[in-house]
Amino acid sequence: MTAAQLTLVQIDNYGPWTVTPEPRREMDLQTLQSRLFADLAQYIGNRGGYVFFTRFDNMVAVTNGLDRRDHDLLQESVGNRFPVTVSLGVGVDEVPIEALESATRRVQAAGSAQSSDRSEAFAGEFRDAAGDEDVHIAHFDVNDATGKYTDRMNEFDSFINIEHGYASLMKYMREEHGALSFFVGGDNVIAVCPDLAHDDYMGAIDHVADDADVQLKVGVGSGATPHDAGYAAKHALEDCRYEGTLVEFA
Ligand SMILES: Nc1nc2c(ncn2[C@@H]2O[C@H](COP(=O)(O)OP(=O)(O)OP(=O)(O)O)[C@@H](O)[C@H]2O)c(=O)[nH]1
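Residues numbered from 1 in each chain as written. Predicted model: local features only at pLDDT ≥ 70, side-chain atom pairs only at ≥ 80, totals over all residues. Heavy atoms only, no water.

Engineer: Describe the overall build of the protein chain, with residues and values.
Structural biologist: Within the protein chain, the secondary structure is distributed over 8 helices and 10 strands. Relative to the compact-globule value of 18 Å for 250 residues, the protein chain shows a C-alpha radius of gyration of 19 Å, a close match. Counting only C-alpha atoms and orienting by the principal axes, one finds that the protein chain spans roughly 55 × 45 × 30 Å. Sorting the 250 residues of the protein chain into buried and exposed places 49% on the buried side. Partitioning the contacts of the protein chain with sequence separation of at least 6, the portion at a separation of at least 24 is 68%. Total accessible area computed for the protein chain in this model is approximately 12,200 Å², and 47% of it derives from carbon and sulfur atoms. Once the 19 positive and 42 negative side-chain charges of the protein chain are each reduced to a mean point, those two points are 7 Å apart. (Helix = DSSP H or I, 4+ residues; strand = E, 2+ residues; numbered from the N terminus. Rg over C-alpha atoms; globule rule 2.2 N^0.38 Å. Buried < 20%, exposed > 50% of the residue type's maximum accessible area, 1.4 Å probe, protein only. Contact = heavy atoms within 4.5 Å. Areas by Shrake-Rupley, 256 points an atom, 1.4 Å probe, with all protein chains shown as cover. Lys, Arg positive; Asp, Glu negative; His and termini not counted. Charge placed at Lys NZ, Arg CZ, Asp CG, Glu CD.)

As structure tokens, then:
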């Protein structure tokens with residue numbers, strides 16, 4: 001059985017903090033959020049994991065390859081260096097949304113996101129016997145986004161088109177397959193998936209073309225860690241470009 005290990009990172013009591021003793025300058029909050037994300041990306045990325053910024057006050061990481069000690073140190077280090085702390089929940093499942101559900105329940109059981117009583121909660125299960133194909137990553141990309149949008153439209157209208165395609169894809173992959181898709185910049189979406197077939201990916205591409213009029217292609221990779229799977233997916237995406245195909249597996 002393959003299994004994704006998902007970690008929910010939730011900033012403790014962040015809502016109240018943003019307005020105490022009075023509302024804090026928005027760009028200071030943006031700076032804090034993006035620096036926290038950058039730090040997590042570096043820490044988790046250096047250990048072979050992936051993290052996605054989602055809503056910034058909550059972030060989702062794929063942490064196959066990171067154990068309990070790695071999570072402990074991450075939490076301690078954030079608490080030492082930032083004016084906020086984070087709670088962590090970890091879950092393992094063949095289907096990514098189920099792993100995230102378990103991870104989330106563990107954080108929620110420790111208290112509300114806006115409770116001053118909850119600080120640095122940490123609970124989880126870990127994937128100890130790593131399999132070579134535990135993680136499946138699909139790297140989606142809009143066909144010729146530069147020619148269709150970037151070189152022709154203003155940035156805001158390009159953004160609307162890309163976001164529309166992203167919204168359609170993330171919903172379809174969540175509902176049909178329990179996969180988690182995250183916008184990662186430009187015209188790229190990275191999805192953490194269960195073990196899916198060529199036709200499943202074709203189904204997603206066809207759905208987004210019909211629903212949002214955005215044309216996607218996708219490279220799919222598998223590996224013991226998110227980095228291994230994601231790097232293979234990038235190579236598969238290059239194969240799509242070279243072959244002129246819409247779906248390639250590494
Ligand atoms: N996060 C991330 N962004 C990327 C990656 N590759 C490209 N991008 C972004 O996507 C934008 C568009 O690049 P491409 O997707 O290569 O260009 P395109 O015009 O869509 O051309 P084709 O993909 O070849 O159809 C770039 O400006 C980057 O912002 C990647 O591997 N990861």
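Engineer: Describe the domain arrangement of the protein chain, listing the residues and the values that go with them.
Structural biologist: In terms of domain boundaries, the protein chain breaks down into domain 1 (4–124) and domain 2 (135–249). Taking only C-alpha atoms, the centre of domain 1 and the centre of domain 2 are 25 Å apart. Of the roughly 1,400 Å² buried between domain 1 and domain 2 on both sides combined, carbon and sulfur atoms contribute 80%. Inspection of the region where domain 1 meets domain 2 yields 0 salt bridges. Ranked by residues supplied to the side of domain 1 that touches domain 2, first place goes to helix α4 (residues 96–109) with 3 residues. Grouping the constituent residues of the side of domain 1 that touches domain 2 by class yields 10 nonpolar, 4 polar and 1 charged. (Domains from an automatic or database assignment. Buried area = accessible area lost by both parts, 1.4 Å probe. Salt bridge = Lys/Arg side-chain N within 4 Å of Asp/Glu carboxyl O. Nonpolar A, V, L, I, M, F, W, Y, C, P; charged D, E, K, R; others polar.)

Engineer: Quick one: what's the story with the nonpolar core, residue by residue and with numbers?
Structural biologist: Within the largest apolar cluster, 26 residues are counted, with the highest numbers of intra-cluster contacts made by Phe-140, Met-173 and Tyr-201. Counting residues per element, the ones that place at least two in this core are β6 (135–142), α5 (145–150), α6 (155–177), β8 (188–193), α7 (198–212) and β9 (216–223). Filtering out sequence-adjacent residues up to four positions away, Met-173 remains in contact with Phe-140, Gly-178, Ala-179, Ser-181, Cys-193, Leu-196, Tyr-201 and Ala-204. (Core = buried A, V, L, I, M, F, W, Y, C linked by side-chain atoms within 4.5 Å.)

Engineer: Account for the site of the ligand, with residues named and values stated.
Structural biologist: With respect to spatial proximity, 14 residues lie near the ligand, and among them Asp-141, Asp-144, Thr-146, Lys-234 and Arg-241 are the closest. Backbone polar atom of Asp-144 to an oxygen atom of the ligand: 2.7 Å apart, as the coordinates give it. A distance of 2.9 Å is found between an oxygen atom of the ligand and a backbone nitrogen or oxygen belonging to Ala-145. Here the ligand loses 57% of its free accessible area of 630 Å² to cover by the protein chains. Put simply, the parts of the chain that give the shell around the ligand at least two residues each are β6, α5 and α8 (226–243). Its residues assigned to classes, the shell around the ligand shows 3 nonpolar, 5 polar and 6 charged. (Near = heavy atom within 4 Å. Polar contact = N/O pair within 3.5 Å; in protein donor to acceptor, adjacent residues only side chain to side chain.)

Engineer: Which residues make up the pairing of β9, and what values do they have?
Structural biologist: For β9, a buried count of 7 out of 8 residues is recorded, marking the element as mostly surrounded by other parts of the structure. When β6 meets β9, the two strands line up antiparallel, connected through 8 bridges. Across the sheet, His-136 pairs through a bridge with Ser-222, a residue of β9. As paired elements, β9 and strand β10 (residues 247–249) share 3 bridges and run parallel to each other. Residue pairing across strands places Gly-219 opposite Glu-248, the latter belonging to β10. This β-α-β element, β9 to α8 to β10, shows left-handed connectivity. (Pairing = 2+ DSSP bridges. Right-handed = clockwise from strand over helix to strand, strands pointing away.)

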